Structures are given as C-alpha cells and as structure tokens.
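Architecture at a glance
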Amino acid sequence: MNRLMIFLDAIRDHLDSHQLPPAASVDVNAWSSPITVQLDVDGLTAVARALLVWTQTLEDVSARLWRLVDGRWVHLSISGRTPCGIPVVVFGVVRFEPSTFPDLPAGAKQDMPVYLLRGWSTPGEVAA
C-alpha cells in the first residue's frame, strides 16, 4: 500500500472515530507530512474550543501561534500524531488583537503552551 493510501485511511478512520469540529479542508499529500486540517469555525473562542477537542484525540500534542506577515490574522495550531502514528496539524485563523497577542509581531511564529487554549475557549479571556 502506498503512503498516500495509508494517510487517507488514517485520517478517515480518525474522523470517523471522534466527534470533531467541522473542517474547511483536509490536506493529505503523499510527499510531505503531516496531514493538515483547517477548521471551519470563526473567532478566538470557537477556534480554541475546536483545537482543544482535537488535542484530546491526538498524542504528543504541541501548540503554536503564527501572526501572518500582513499583521491582521493569527494562525492558532496544534500538532500531534493519531494513535496509529500519522502526524497531523490542525489550525484555525483569528483576527489579531493586541490585547490577546501582546508580544507577537507581524510574521512571527511562536510555540505556546496548550493550556492557553483552555483560557481562550471561555469568552473574555485574553493575553498570550
């Protein structure tokens, strides 16, 4: 079985096995990993909640922020592995707010603790 089929089977099985938030896209590529899932949710609270759901279905989870070069948007992402070992990155996009991301200059990427997602998943929480 080729690598693409293994990745396709793995993500299909993972999506079937869990009640996960809606996805706008799933990118599976035989020449590069990981599988990339873009969330279909809006706003910091919804993106944080959706990412938290995914964290409970993956192993070896880490989180990251990336403020796009234009400075108006921030990617929040988690990466991990399905139980069968396939690497997955899940991300959502939120508007940049200086009160939420005070030390994140345009174009910067930063690792962040996964627990920050819990705070953001409750409306009114701020500060990275």
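Look up: the structure comes first, before these words.
Residues numbered from 1 in each chain as written. Predicted model: local features only at pLDDT ≥ 70, side-chain atom pairs only at ≥ 80, totals over all residues. Heavy atoms only, no water.

Some words on the pairing of strand β2 (residues 35-39)
Alternating positions in β2 separate cleanly, Ile35, Val37 and Leu39 being buried on one face and Thr36 and Gln38 remaining unburied on the opposite face. The sheet contact formed by strand β1 (residues 23-27) and β2 spans four bridges and is antiparallel. Looking at β2, one finds that Val26 is bridged to Val37. Sheet analysis places β2 next to strand β5 (residues 87-95), joined by four bridges and oriented parallel. (Buried < 20%, exposed > 50% of the residue type's maximum accessible area, 1.4 Å probe, protein only. Helix = DSSP H or I, 4+ residues; strand = E, 2+ residues; numbered from the N terminus. Pairing = 2+ DSSP bridges.)

Let's talk about the sheet that holds strand β3 (residues 59-67)
Ordered by their spatial adjacency, six strands build an open sheet running β1-β2-β5-β4-β3-β6, and the pairing between neighbours is mixed. For this open sheet the edge positions go to β1 and β6 (109-112), each flanked by a neighbour on one side alone. For this sheet, the mean angle separating the axes of adjacent strands, direction not counted, is 20 degrees. The pairing of β3 with β6 spans four bridges and is antiparallel. Note that in β6 the partner of Arg64 across the bridge is Asp111. Along the sheet, helix α2 (residues 44-55) makes contact with β2, β3, β4 (73-81) and β5, crossing β5 at roughly 170 degrees. (Axes fitted to C-alpha atoms, helices over the stretch in contact; angles between N-to-C directions. Contact = heavy atoms within 4.5 Å.)

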